[in-house]
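Descriptive structure summary
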Amino acid sequence: MEQDIGKALAYQIKREIAERYFGYRKTIEEDRQALEAMIPDLCFLYEQKIGRDMARIYVLLQDLNLIDEFLRLTGWEGRPFFDQYTVESGTIRERLLKNMELHGWLAHSKFANLLLDSYERLYLDTLEYREKLDEVLDEARVVDEEIRQFKEKFALDEIMSFLNTLDRRDDLAGVLGENLPAGRAEDLSSRLELVPVGDLEKLLPKVPDLPAPDKIKSSLKDIADRAVKSHKEEVLKAVGD
């Protein structure tokens, strides 16, 4: 009778440990899956929206000196999304400017407003991207902290050592793999290892904190003026005149 009670208690202990271990682990895995689901949306925003915004501005400015001046003004490093073919392609220009509303009396003013509106789109999209990036990085920190606490609370080798001190009947074996041979137990421990998310910030694209459109409006108009002077024909095509 005492032996049966002891075996029942041993089984109950194993079951509770397993439920707590895998329950906590499942929560972490679900949080990690939620984090992983956020990343494609973030990359889509960067590549499809910000990339399109940048390409539109490149198409308007045309001249590399003006493009580089714009990038310095707004704090971008390098020439993200720049492609010479895109800049020179009339078909791509039409596609990029298709849904942009023109306003102004003369071609010159229409072009300046087009550049200002294009920058405002870029500004809003980068603002959205930075907010979502912060959310992703915050979630990554949460997952890493959960993993750290999990490892502190559930040291697998200590759990398996403890379980080995309990009843080792065949029908109770394998709750957490405690009766596995040493080599297989190490393999189980390796497979159950939770790897931290790590520094996602280094892996995900960065965008600068762009100046608000109203703060650089006069500078953008000046760049627009010089763009008009340097490639009037392309400007007329851009505004449909």
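Details of the structure are given in the entry above.
Residues numbered from 1 in each chain as written. Predicted model: local features only at pLDDT ≥ 70, side-chain atom pairs only at ≥ 80, totals over all residues. Heavy atoms only, no water.

Re the packing of aromatic side chains
How we decide: Note on ring pairs: Phe, Tyr and Trp rings are taken, using the six-membered ring of Trp, and paired if centres are within 6.5 Å. Classes follow the plane angle, with under 30 degrees stacked, over 60 edge-to-face and the rest tilted. Where helices and strands are cited, they refer to DSSP runs of H or I of at least four residues and of E of at least two residues respectively, numbered from the N terminus. Relative accessible area decides the class of each residue, using a 1.4 Å probe on protein chains only: under 20% of the type maximum gives buried, over 50% gives exposed, and in between gives partly exposed. Working rule: Lys NZ or Arg CZ, within 6 Å of ring centre, within 35 degrees of ring normal, means a charge sits over the ring.
Enumeration according to the criterion identifies five aromatic pairs in this entry. Seen in terms of ring centroids, Y58 and F82 are 5.4 Å apart; in terms of plane orientation they differ by 75°. Their pairing is edge-to-face. In this pair, Y58 is assigned in helix α1 (residues 2-61) and F82 in the loop between α2 (64-74) and α3 (84-88), connecting sequence segments 24 residues apart. Overall, the relative accessible area of 22% leaves F82 in the partly exposed class. On the numbers, 6.0 Å between centres and 85° between planes, the contact of F70 with Y119 is edge-to-face. Of this pair, F70 sits in helix α2 while Y119 sits in helix α5 (residues 107-153), and the two are 49 residues apart along the sequence. For the residue pair F70 and Y119, the accessibility class agrees, reading buried in each case. Ring-pair connections join several aromatic residues into one group, and the members of that group are Y46, F81 and Y129. In this structure, R79 packs its charged tip against the face of F82, placed 5.6 Å from the ring centre.

Overview of the side chain of T74
Put simply, the rule reads: Definition of a polar contact: a pair of N or O atoms within 3.5 Å, with one able to donate and the other able to accept a hydrogen when the atoms are protein atoms, and with sequence-neighbouring residues admitted only if both atoms are side-chain atoms. Contacts are assigned to residue pairs that have any heavy atoms within 4.5 Å of one another.
Turning to its location among the elements, T74 is positioned in helix α2. Relative accessible area serves as the criterion here: at 2%, T74 is assigned to the buried category. Polar contacts involving the side chain of T74 include one to the main-chain carbonyl oxygen of F70, which spans 2.9 Å. In this structure, T74 is in contact with Y119, P208, L210, P211 and I216, ignoring residues within four places of it in sequence.

Considering the packing of α2 against helix α8 (residues 217-230)
In a pair of packed helices, the angle between the axes and the distance between the axes together describe the arrangement. Stated precisely, the cut-off is as follows: To obtain an axis, a line is fitted to C-alpha atoms, over the contacting stretch when the element is a helix, and the angle between two such axes runs from 0 to 180 degrees between their N-to-C directions. Angle categories are assigned with fixed cut-offs, so that under 35 degrees is roughly parallel, over 145 is roughly antiparallel, 65 to 115 is roughly perpendicular, and the rest are oblique.
Where α2 contacts α8, the two axes come as close as 11 Å, and the packing angle between them is 175°. Compared by their axis directions, α2 and α8 come out roughly antiparallel. Contacts between α2 and α8 involve L66, E69, F70 and L73 on the former and, on the latter, S219, L220, I223, R226, A227 and S230.

Examining the nonpolar core
In summary, soluble globular proteins display a tendency toward joint burial of nonpolar side chains. Rule in force here: To form a nonpolar core, buried Ala, Val, Leu, Ile, Met, Phe, Trp, Tyr and Cys residues must be joined to one another through side-chain atoms within 4.5 Å.
Ranked by size, the top nonpolar core spans 50 residues in total, and within it L61, F70, L122 and Y129 carry the most contacts. Those elements that place two or more of their residues in this core are α1, α2, α5 and α8. With 16 residues, the top contributor of residues to this core is α5. Residues contacting L122, with those up to four places away along its chain left out, are I50, D53, M54, I57, F70, W76 and L210.

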